[in-house]
There are 4 protein chains.
Amino acid sequence: MSGINKVILVGHLGKDPEVRHLEGGVTVASFPLATSETYNKDGKRVEQTEWHNIVLWRGLAEVASKYLQKGKLVYIEGKLRTRSFEDKEKVKKYVTEIVAENFTMLGRKSDFEQGPSATPIAAPVNDTKIEDEFTIGPSDENGDLPF
Amino acid sequence: MSGINKVILVGHLGKDPEVRHLEGGVTVASFPLATSETYNKDGKRVEQTEWHNIVLWRGLAEVASKYLQKGKLVYIEGKLRTRSFEDKEKVKKYVTEIVAENFTMLGRKSDFEQGPSATPIAAPVNDTKIEDEFTIGPSDENGDLPF
Amino acid sequence: MSGINKVILVGHLGKDPEVRHLEGGVTVASFPLATSETYNKDGKRVEQTEWHNIVLWRGLAEVASKYLQKGKLVYIEGKLRTRSFEDKEKVKKYVTEIVAENFTMLGRKSDFEQGPSATPIAAPVNDTKIEDEFTIGPSDENGDLPF
Amino acid sequence: MSGINKVILVGHLGKDPEVRHLEGGVTVASFPLATSETYNKDGKRVEQTEWHNIVLWRGLAEVASKYLQKGKLVYIEGKLRTRSFEDKEKVKKYVTEIVAENFTMLGRKSDFEQGPSATPIAAPVNDTKIEDEFTIGPSDENGDLPF
DNA sequence: TTTT
DNA sequence: TTTT
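Residues numbered from 1 in each chain as written. Chains lettered and ligands numbered in written order. Predicted model: local features only at pLDDT ≥ 70, side-chain atom pairs only at ≥ 80, totals over all residues. Heavy atoms only, no water.

Asks: Give a detailed account of the relation of the copies chain A and chain B, specifying residues and quantitative values.
Replies: In screw terms, the move from chain A to chain B is a rotation of 180° and a rise of 0.0 Å along the axis, fitting with an RMSD of 0.1 Å. Here the symmetry operator amounts to a two-fold rotation axis. Of every C-alpha in chain A, the one belonging to A:Val7 sits nearest the axis of rotation, 2.3 Å from it. The residues that chain A uses at the interface reappear at the interface of chain B in 100% of cases, marking a shared surface. (Least-squares fit on C-alpha atoms with pLDDT ≥ 70 in both. Contact = heavy atoms within 4.5 Å.)

In structure tokens:
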């Protein structure tokens, strides 16, 4: 009871979001996010990258699929969730994901433009902080998504 | 580069911290932490508990082993780290942990007392917010800990 | 553009929430919250308390007025906002507040019970994490509240 | 006792850091930071900017004065502190500041370069997440700084 | 006083 | 698999 489960990340997308439409019309998006830190080891600069599995549901998934692409810098707030699933060999495995609750695009204006011609996108997304206003029930979340 | 990887948890310890002393005198402590949330599903109150693997290093591990016990309510701040290891059957597995950077004990005064006689512990720990002032190198962190 | 303004507090209410109903039916609640930290100064334990002005709007204000009382331990998430106002002598003053976005009650079960007889309250509030699902426009927030 | 007082900001510096050296060799730096959010009001895009007073002590102040400049995008973590001081007319006033505990520079590579010729700076600061490893006593913090 |  |  009465717990807090909060994750705050700033990092770059490793891939474009992968969007899936579940039965019932529910949209799910997911992508890997890299957060790197650098430190000194014996006088040499070492970079260590951590990869996070980001999952977004419903309205947030729709917006993410529209505005987030591989390489973009993004602030993500969400919660940790560890799921079990069976792999192809029927072995039970666990994966820990960050279920996003909102996100904000960071970075330069050029980062909010798309394509080779750098044409500004139609919608104003410069401050895409989207609150996930949908109630996310476990029935949705526990679906056997083959991520 | 330039990423943020931050986790904030408030929850109860599922077990007493398990302390290990690595070669080189490095101390590591770990314990499971539960964060629960309740929500309404079809008019019924449902509680969903998430379990987190908490890992603490060096000085922070020492303090944790001293003051944290099963059942205690604690605020933990740290970062996500996913590690791979081989299980007994030599199968490669992954586990995501929260490497604690500091913690604060929450809850009632009685929670800061130990044992059946409820004698106050010697040190004043009512506000144990400990900053991990040690530099945690990856050489330590990547050690093959058999958690 | 593209900023993050987030505050996370765990502390005790200094007073019961003060509730006000603005013209238009909008509810606002406010209370002082204390966060204390202790540290060693010349071998002596010193406690330093910081007081925060918490403001809650609409639905969140209603729930707060119902479940939060002086002395309760609470987790609050919100954003910083500095407001100017004129005091009785028409001097312009500034005050910085935390506009709450959600809160969770922490602490013992007995903390969720009310009154001298400690009768449990009707609604299950053990895990009152309330998302402020209302759109808070500046027209509301900039109202000249005589806090 | 046992509180949490945490602020997380991502925003742009409104001015270059102002550095001061106190008696005793303690360095303090301060600057205003803007966090903006945009929202829709009657179909029109409105931007609302919040200004924060950031204060950094000792080692963190030194690094900030070296690497942060007006306009830079930065992630800042710290705590709230409200101070009282007397203005020129001997009127007691209050100001709320964010005492930084660490920061990370965000944004493009060009943001980590200085001057009109865009020559890269000498030190590797791409991932300047600096932990304030100094113990910040209130004796320092309560100094009557004429910010 | 920043940025888009 | 990102970014610098």
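Asks: Let's hear about the interface of chain A and chain B: which residues, and what values?
Replies: Of the residues lining the interface, 29 residues belong to chain A; the matching set on chain B comes to 30 residues. Summing the contributions of chain A and of chain B, the shared interface buries around 2600 Å²; its carbon and sulfur component is 48%. Run the count over chain A and chain B and you get 2 salt bridges. Here A:Lys79 makes a salt bridge to B:Glu37, at a shortest N to O gap of 2.8 Å. Looking at the side of chain A that touches chain B, the elements that each hand over two or more residues are strand 1 (4-13), strand 3 (27-41), strand 4 (44-57), strand 5 (73-86), strand 6 (92-105) and helix 2 (138-141) of chain A. Top contributing element to the side of chain A that touches chain B by residue count: strand 1 of chain A, with 8 residues. Within the side of chain A that touches chain B, the residues separate by chemical class into 11 nonpolar, 11 polar and 7 charged. Sheet topology places strand 1 of chain A next to strand 1 (residues 4-13) of chain B; 7 bridges connect them, and they run antiparallel. Its bridge partner lying in strand 1 of chain B, A:Val10 is registered against B:Ile4. (Buried area = accessible area lost by both parts, 1.4 Å probe. Salt bridge = Lys/Arg side-chain N within 4 Å of Asp/Glu carboxyl O. Helix = DSSP H or I, 4+ residues; strand = E, 2+ residues; numbered from the N terminus. Nonpolar A, V, L, I, M, F, W, Y, C, P; charged D, E, K, R; others polar. Pairing = 2+ DSSP bridges.)

Asks: Before we move on, can you summarise the pattern of salt bridges with the specific residues and values?
Replies: Residue and element names in this part refer to chain C. Per the stated rule, a full pass over the model turns up 24 salt bridges over all chains. Notably, a salt bridge pairs Glu-97 with Arg-83, separated by 2.8 Å at the nearest N-O pair. Here Glu-97, found in strand 6 (residues 92-105), pairs with Arg-83, found in strand 5 (residues 73-86); they are 14 residues apart in sequence, far enough to count as distant. Classification of Arg-83 by relative accessible area gives buried; the value is 8%. (Buried < 20%, exposed > 50% of the residue type's maximum accessible area, 1.4 Å probe, protein only.)

Asks: A description of the side chain of A:Thr96 should follow, citing residues and the corresponding values.
Replies: The residue A:Thr96 is located in strand 6 in this model. Side-chain polar atoms of A:Thr96 contact the side chain of A:Thr82, separated by 2.9 Å. Discounting residues that sit within four places of it in the chain, A:Thr96 has contacts with A:Asn53, A:Leu80, A:Arg81, A:Thr82 and B:Thr96. (Polar contact = N/O pair within 3.5 Å; in protein donor to acceptor, adjacent residues only side chain to side chain.)

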